[in-house]
Amino acid sequence: MSNNTSLDIWFAGAFAAFTVDLLVYPLDTLKTRLQSQHYEQLYKDASGKTKPSLFRGLYQGVGSVILITIPSSGAFFTTYEALKYGISEAVPPNSTIFLPQPAIHAAASGGAELVSCAILTPAEVLKQNAQMLSARGKRTSTSLEVFRHFRKNPSRLWRGYTALAARNLPFTALQFPTFEFLKGYFMQKRKNQKGGDPVDGIAERARVTAMSAAIAGSGAAWITTPIDVVKTRIMLAAGSGDDGPKADPKGKASKFLLEGVQGSRKSGFTVARDILKTEGTRGLFRGALLRACWTSLGSGLYLGCYESGRFYLEKSRSEAREGDHLMQRDWSKVKVGIGSSRSQEVVKKSAWQED
């Protein structure tokens, strides 16, 4: 990171977020619908077969996420890199205070996640409620339709902050130390295969980073699925207030399917207890396989794009500085082919030789 600026890191993180959101968003929509409280009633018919409506409108709500995820991801990586290197410099390896690298990465990712969640929470609430809208009917924007129902009480957009942070903190605390370890291991292995030469190719670094992130992300996603289910229920319930839209009994209206726990102010522990009571452990791990798969794909693309973008900007900046250094050198003092050589000069004796 010696040649990277905070702006480089912000742009790399924002580019990665934009790319991944467009590619894996449909899988996130499916995960949200699987984890909703009334999944069986909404997306299963009487015979237990999946209704086609489960796969309709898979990009609903993507607009709000792209607009907010770009600054939140930029803020995350800027904070993460600053904390990681700041803590490493404050606690060097030869210091009397020993702090292992996994602990540094966990602390840095945790601090970055708290900053990111504050920006991301409103978009997450809008996104998950938009994902539950019926795909039938004409509408200009599902995100705008959802937002209209929060105008009277916009504070509800931040109601899921605690749940989002409670999910993301353990997720990043598990993912990033594992990711950094795997990336270091694979980079060293690749370096040894190249006879000690550094891994400086952008595509090669992106592949190693993507593979490391995919492995780390899938494991962390599976473990933290119960917290994600609770977070989904709370965020869906945030849109089910008294001022929320009413479904048309004839089924002709847009059917704003904001399905969550009854009473949007329930704590996460209460929601988890209710899920265990009514659905069992299986309910807490609903969508775990799908979440692990799309997180593996998403993390690989996300951190792969981030690393390649960051390394490209770093390499470009380094080459530009080297070019400036050569152009700014004072060539007027360099003598070329004129005058006597050093071999023709008389070398004076030093003081101790004259004695």
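None of these values were measured; they are calculated from a predicted model.

(A) Structural context of the overall build of the protein chain. The secondary structure content of the protein chain amounts to 11 helices and 0 strands. When the helices and strands of the protein chain are placed in sequence order, the string is α-α-α-α-α-α-α-α-α-α-α. Burial status across the protein chain gives 44% buried among its 355 residues. For the protein chain, the exposed surface amounts to about 19400 Å²; the carbon and sulfur share of it is 61%.

(B) Expanded view of a nonpolar patch on the surface. A cluster of nonpolar side chains, contributed by L174, W222, I223, F285 and L289, occupies part of the molecular surface with about 490 Å² of accessible area. Its place among the elements puts L289 in helix α10 (residues 288-327).

(C) View of the nonpolar core. Core analysis: the largest hydrophobic core is formed by 15 residues, its most contacted members being F76, F77, Y80, F176, F179, L303 and Y306. Looking at this core, the elements that each hand over two or more residues are α1 (6-35), α3 (62-90), α4 (101-131), α6 (161-193), α7 (202-223) and α10. The residues that make up this core include at least three from each of domain 1 (1-158) and domain 2 (173-239 + 267-322). Every residue in contact with F176, bar those within four places of it in the chain, is listed here: F76, Y80, H105, S109 and L303. C117, A123, A130 and L164 belong to the second largest nonpolar core, which has 14 residues in total.

(D) Representation of the UniProt feature "transmembrane region" (unreviewed entry) in the protein chain in the model. Per the UniProt entry, the sites bearing "transmembrane region" (unreviewed entry) are residues 7-27 in this numbering. The span residues 7-27 shows a helical share of 100% and a strand share of 0%, and its end C-alpha atoms are spaced 30 Å apart.

(E) Highlighting the pattern of salt bridges. Inspection of the entire model under this criterion finds 16 salt bridges. Linking R167 and D228 is a salt bridge whose minimum nitrogen-to-oxygen distance equals 2.6 Å. Pair noted here: R167 is in helix α6 and D228 is in helix α8 (residues 225-237), with a separation of 61 residues, a long-range link. Take R167 and D228: they sit in the same class, and that class is buried. Across the pair K231 and D228 runs a salt bridge whose closest N-O atoms are separated by 3.8 Å. Separated by 3 residues within a single helix, K231 and D228 lie in helix α8, roughly one turn from each other. Take K231 and D228: they sit in the same class, and that class is buried. One continuous salt-bridge network, built from bridges that share partners, spans D28, K31, E124, K127, R167, D228, K231 and R291.

(F) Structural detail: the environment of L284. On the secondary structure map, L284 appears in helix α9 (residues 268-284). Residue classification places L284 among the buried residues on the basis of a relative accessible area of 11%. As for L284 and T225, which are separated by 59 residues in sequence, their C-alpha atoms are 7.1 Å apart.

(G) Region of interest: α6. Taking 1.5 Å per residue, 33 residues should reach 48 Å; α6 reaches 46 Å between its end C-alpha atoms and fits that length. Of the residues trailing α6, G195 is marked for its positive phi of about 75°.

(H) Representation of the side chain of T32 within the structure. One can find T32 in helix α1. Owing to a relative accessible area of 0%, T32 belongs among the buried residues under this scheme. Polar side-chain contacts of T32 include one of 2.7 Å to the side chain of Q131. When neighbours within four sequence positions are excluded, T32 is seen to be in contact with Q128, Q131, M132 and T232.

(I) Structural detail: the confidence of the model for the protein chain. The predicted model of the protein chain has a mean per-residue pLDDT of 77, with 77% of residues at 70 or higher. Mean pLDDT values for the elements of the protein chain range from 44 in helix α11 (residues 351-354) up to 91 in α7. Scored below 50 in pLDDT, residues 242-264 shows 42 contacts in the model against residues more than four places distant or in partner chains. For the stretch residues 336-355, pLDDT sits under 50, and the model shows 2 contacts to residues farther than four places along the chain or on other chains.

(J) Here's a closer look at the side chain of E180. Examined against the element boundaries, E180 turns out to sit in helix α6. Overall, E180 belongs to the buried group, its relative accessible area being 12%. Leaving out residues up to four positions away in the same chain, E180 has contacts with Y80, K84 and H105.

(K) Structural detail: the packing of aromatic side chains. Counted by the stated rule, this structure contains 10 aromatic pairs. Taking 6.0 Å as the distance between ring centres and 5° as the angle between the ring planes, the aromatic pair formed by F76 and Y80 counts as stacked. Of the two residues, F76 and Y80 both sit in helix α3, 4 residues apart, roughly one turn of that helix. F76 sits in the buried class, given a relative accessible area of 5%. Here the aromatic rings of F77 and Y302 are separated by 5.5 Å at their centres, their planes lie at 55°, and the arrangement is tilted. Of this pair, F77 sits in helix α3 while Y302 sits in helix α10, and the two are 225 residues apart along the sequence. Following the ring pairs from residue to residue traces out a cluster consisting of F76, F77, Y80, F176, F179, Y302 and Y306.

About the criteria used
Residues numbered from 1 in each chain as written. Predicted model: local features only at pLDDT ≥ 70, side-chain atom pairs only at ≥ 80, totals over all residues. Heavy atoms only, no water. Helix = DSSP H or I, 4+ residues; strand = E, 2+ residues; numbered from the N terminus. Buried < 20%, exposed > 50% of the residue type's maximum accessible area, 1.4 Å probe, protein only. Areas by Shrake-Rupley, 256 points an atom, 1.4 Å probe, with all protein chains shown as cover. Patch = residues over 30% accessible without salt bridge, like charges linked within 9 Å, V, L, I, M, F, W, Y side chains within 5 Å. Salt bridge = Lys/Arg side-chain N within 4 Å of Asp/Glu carboxyl O. Core = buried A, V, L, I, M, F, W, Y, C linked by side-chain atoms within 4.5 Å. Domains from an automatic or database assignment. Contact = heavy atoms within 4.5 Å. UniProt positions renumbered as here; feature names shortened; annotations may be inferred. Expected span 1.5 Å × (residues − 1). Polar contact = N/O pair within 3.5 Å; in protein donor to acceptor, adjacent residues only side chain to side chain. pLDDT = per-residue confidence, 0-100. Phe/Tyr/Trp six-rings, centres within 6.5 Å; stacked < 30°, edge-to-face > 60°.

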